[in-house]
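Working through the structure, step by step
Chain residues, written in single-letter form:
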Amino acid sequence: MSYTYIEVTKQIKPYIGLIRLNRPKELNALCLGLMDELVLAFRDLDSDSEIRCIVITGNERAFAAGADIKEMAGKTSTDMLQVDQFSKWEAIKNVKKPIIAAVSGFALGGGCELTMLCDMIVASESAQFGQPEIKIGVIPGAGGTQRLTRAIGKARAMELVLTGRFISAQEAYDAGLITRVVPVELYLEEALSLAQKVAAMAPIAAQLAKESVNAAFNSHLDEGLRLERKNFYLLFATEDQTEGMEAFVEKRPPLWKGR
Ligand code: DAK
């Protein structure tokens, strides 16, 4: 299969599939086309009996700086509802095989949410995680308010979601968000080596282990996600969402109106 926004390498190591986000100029912003390709790639690797573990990465500067703000900027609440991006995120959530995110640089907004859909996160010392959606007049829309809170607790998650502050890989590690931090030149190698350890286990046991750990993590998550979804759509009915995203595109500070 050939892709425009991602690269997929099967058997990068025995039984390992690698997905690389590949929109470097846009810091791997997750445009709709990229998300479509991601779903196809995950589906393909998940159904390939020669693949036991999947690694997803970006490049040294960015894992992904979030959803594509330029693509979202002019959207209305109804547009967002009709595009139904959630089914794509659900499809990634439902991948049965273990997924490891190898993160360097920015993992922001949807990029941070994508890492949280993965089962382990290996980060370079230069990685920065954050949910800065509040700065463009919205809130996390792909599970950020729920998964970040479960991963690092309410007190820390609330600060990050309300202020948009980025945290370093070390802070993310200390807070329990990620699995390990390594020097930048090693992050992919370390993720692949971890993937090889997982791939050496019984494949069905690994899948059921993933499902079981996620069951503990996910209880009552759907209720939270439903609420987040409604609020996310609702924000596309505000003038401040239009202003926040236009201001980003025009490279100026936003002027909030509170409506
Ligand atoms: N979207 C589009 N373009 C982006 C981008 C983004 N998220 N992030 C960066 N870029 C582009 C910049 O516009 C710039 O393009 P040019 O101006 O050169 O054409 C290029 O990438 C390089 O960025 P900068 O020049 O800004 O680079 P800096 O090093 O100065 O700054 C930065 C890096 C990451 C701090 C900055 O670019 C930044 O703040 N980016 C935006 C981060 C952000 O706010 N992320 C959250 C976006 S909202 C949903 C699922 C998911 C989501 C929503 C709904 N559903 C299922 C419904 C997710 C929402 C989000 O992620």
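Quick note: structure is the one above.
First, a word on scope: everything that follows refers to the structure included in this document.

With mixed pairing, the four strands of this open sheet are ordered in space as β4-β6-β8-β9. Two strands bound the open sheet, and with one partner strand each, they are β4 (62-64) and β9 (167-168). As judged from the two bridges shared by β4 and strand β6 (residues 106-108), these two strands associate in the parallel manner. Paired with Ala64 across the two strands is Ala107, which belongs to β6. Contacting β4, β6 and β8 (128-130), helix α5 (residues 110-117) runs over the sheet at an angle of about 90° to β6.

Another aspect to go through is the site of the ligand. Taken together, the neighbourhood of the ligand is formed by 28 residues, with Ala65, Ala67, Ile69, Gly110 and Lys251 sitting nearest. In the environment of the ligand, an oxygen atom lies 3.4 Å from a nitrogen or oxygen atom belonging to the backbone of Lys25. Here a nitrogen atom of the ligand sits 2.9 Å away from a polar atom, N or O, in the main chain of Ala65. Taking 1,100 Å² as the accessible area of the ligand by itself, protein coverage stands at 77%. Mapped by element, the contributors of at least two residues to the shell around the ligand are α2 (69-72), α4 (86-93), β6 and α5. In terms of residues, the shell around the ligand owes the most to one element, α2, which gives three residues. Grouping the constituent residues of the shell around the ligand by class yields 15 nonpolar, five polar and eight charged.

Next up on the list: helix α10 (residues 203-218). Counted at 1.5 Å a residue, the expected span for α10 with its 16 residues is 22 Å, and the 22 Å between its end C-alpha atoms agrees. His220 sits one or two positions beyond α10 and adopts a positive phi of about 65°.

A general trend in soluble globular proteins is that nonpolar side chains are found buried together. Counting residues in each nonpolar core, the largest one holds 46 residues, and the members touching the most others are Leu21, Leu38, Ile56 and Phe129. Looking at this core, the element that brings in the most residues is helix α1 (residues 32-46), giving seven residues. If you look at the next biggest cluster of nonpolar residues, it comprises 16 residues, including Val55, Ala102, Tyr187 and Leu194.

Right, let's get into the packing of aromatic side chains. Scanning the entire structure with this criterion turns up three aromatic pairs. Seen from their ring centres, Phe106 and Phe166 are 6.4 Å apart, and the 70° between their planes marks the pair as edge-to-face. Highlighted residues: Phe106 in strand β6 and Phe166 in the loop between α7 (154-163) and β9, separated in sequence by 60 residues. Given the relative accessible area of 29%, Phe166 is considered partly exposed. With 5.2 Å between their ring centres and 55° between their planes, Phe232 and Phe236 make a pair best called tilted. The exposure class of Phe232 is buried, given its relative accessible area of 8%. In this structure Phe236 comes out as buried when scored by relative accessible area, which is 5%. Lying across the ring of Tyr15, Arg52 places its NZ or CZ 3.8 Å from the centre. The ring of Phe86 has Arg229 lying over it, and the distance from NZ or CZ to the ring centre is 4.2 Å.

The rules behind the values
- Residues numbered from 1 in each chain as written.
- Predicted model: local features only at pLDDT ≥ 70, side-chain atom pairs only at ≥ 80, totals over all residues.
- Heavy atoms only, no water.
- Pairing = 2+ DSSP bridges.
- Helix = DSSP H or I, 4+ residues; strand = E, 2+ residues; numbered from the N terminus.
- Contact = heavy atoms within 4.5 Å.
- Axes fitted to C-alpha atoms, helices over the stretch in contact; angles between N-to-C directions.
- Near = heavy atom within 4 Å.
- Polar contact = N/O pair within 3.5 Å; in protein donor to acceptor, adjacent residues only side chain to side chain.
- Areas by Shrake-Rupley, 256 points an atom, 1.4 Å probe, with all protein chains shown as cover.
- Nonpolar A, V, L, I, M, F, W, Y, C, P; charged D, E, K, R; others polar.
- Expected span 1.5 Å × (residues − 1).
- Core = buried A, V, L, I, M, F, W, Y, C linked by side-chain atoms within 4.5 Å.
- Buried < 20%, exposed > 50% of the residue type's maximum accessible area, 1.4 Å probe, protein only.
- Phe/Tyr/Trp six-rings, centres within 6.5 Å; stacked < 30°, edge-to-face > 60°.
- Lys NZ or Arg CZ within 6 Å of the ring centre and 35° of its normal.

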